[in-house]
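The lines below spell out each chain.
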Amino acid sequence: MSLGHLKFKCSMGQPDKHIGFRSTGRKDDIMEFLVTTTNAVTFENKELQKATNAVLKLGDAIKKNWFAIAHIVAHVDATECFKDDGFNTVHEWVEKTFGIKKTASYSLLTIGKEYTREIVNASGKVVGYGTNLITEGSDDFSKTQVEKMLPAGHELAVELVNGGEITPEMSAKEISKVVKAHTNPEPDEPEIDEPEQEPETETEPEKEPETVSVWDKDGNEYAIPADVLKKYAV
């Protein structure tokens, strides 16, 4: 990754254009870019200075160059040139230099490392940056659309784009819905096991007790259970 093609002019130590960033809190846009006037930033590390000036050079066109900024942030992170000027992480450099909060900085870095590609002209000169999710010459995704794909990861995002489930014509909300369906699908309702019913068993009819016929002195017959007669047998 190189910034060699990014040329700029900067009068160090003199008032210059400086880019400030302010979070909007909107769901479909991480931040709003504002151009303010302040003193130019000077760093000891030449590579970090070059990267900083490359961002500042974008000026009012910064919203159209989101992927270029992401590319620069990824370059600074890969070279760790921020360390020579006392920054612990690339996110600290981004926040203190441009006012971008860490949450947005993480998105910048992820997009720069995994989702950007150089756009070159016929002579091979780099003329800009776009996403690596589409083939050259096709309509590209916007920064907001790519942000909605980040939860899916690059591999799944490429799969969804190649499969036609996500297209540049879709809204950010539609893309987010597709990503959510693949990363956090609705859980299936658990099946409730019904208790097994014991098979009905046929009951044998009760047997009538064995009886013994006896007669009284008048000749009347009586049926007496045999087991009862046994109890009183003499």
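Cut-off values and rules
- Residues numbered from 1 in each chain as written.
- Predicted model: local features only at pLDDT ≥ 70, side-chain atom pairs only at ≥ 80, totals over all residues.
- Heavy atoms only, no water.
- Pairing = 2+ DSSP bridges.
- Helix = DSSP H or I, 4+ residues; strand = E, 2+ residues; numbered from the N terminus.
- pLDDT = per-residue confidence, 0-100.
- Contact = heavy atoms within 4.5 Å.
- Expected span 1.5 Å × (residues − 1).
- Buried < 20%, exposed > 50% of the residue type's maximum accessible area, 1.4 Å probe, protein only.
- Polar contact = N/O pair within 3.5 Å; in protein donor to acceptor, adjacent residues only side chain to side chain.
- Axes fitted to C-alpha atoms, helices over the stretch in contact; angles between N-to-C directions.
- Parallel < 35°, antiparallel > 145°, perpendicular 65-115°, else oblique.
- Arc of directions from axis to C-beta.

**Some points on the pairing of strand β3 (residues 116-120)**
And then number 1: Note that β3 and strand β4 (residues 126-131) share 5 bridges and pair antiparallel. Residue pairing in the sheet places R117 in a bridge with G130 of β4.
And then number 2: Taken together, β3 and the strand that follows it, β4, pair antiparallel across an intervening segment of 5 residues, in which G124 is found at a positive phi of about 85°.

**Quick notes on the confidence of the model for the protein**
And then number 1: Residues of the protein with pLDDT of at least 70 account for 67%, and the chain-wide mean is 78.
And then number 2: Under a pLDDT of 50 for its full length, residues 5-39 has, in the predicted model, 79 contacts with residues more than four places off or in other chains.

**Structural notes on helix α4 (residues 102-114)**
And then number 1: If you check α4, its first and last C-alpha atoms are 18 Å apart, about what 13 residues at 1.5 Å a residue would give, namely 18 Å.
And then number 2: Restricting attention to buried positions, one finds in α4 the residues A104, S105, S107, L108, L109, I111 and G112.

**Some thoughts on the side chain of T97**
And then number 1: In this fold, T97 is placed in helix α3 (residues 90-98).
And then number 2: On the basis of relative accessible area, T97 is assigned to the buried category, the value being 5%.
And then number 3: At 2.7 Å, the side chain of T97 and the backbone oxygen of W93 are in polar contact.

**Things to note about the packing of helix α2 (residues 66-79) against α3**
And then number 1: Interhelical geometry of α2 versus α3 gives an angle of 130° and a closest axis separation of 9 Å. By the criterion of interaxial angle, the relationship of α2 to α3 is oblique. For the pair formed by α2 and α3, the contact residues are I72, V73, V76 and D77 on the first element and V90, W93 and V94 on the second.

**Examining helix α6 (residues 154-162)**
The periodicity of an α-helix, 3.6 residues per turn, causes residues three or four places apart in sequence to face the same way.
And then number 1: Looking only at α6, the buried set comprises L156, A157, L160 and V161. Around the axis of α6, the buried residues are gathered within 135° of arc, so they sit on the same side. For α6, the exposed residues set more than 90 degrees away from the buried face come down to E155, E159 and N162.
And then number 2: Each element contacted by the buried residues of α6 is listed here: α5 (143-149) and α7 (172-183).
And then number 3: G164, located one to two residues past α6, shows a positive phi value of around 80°.

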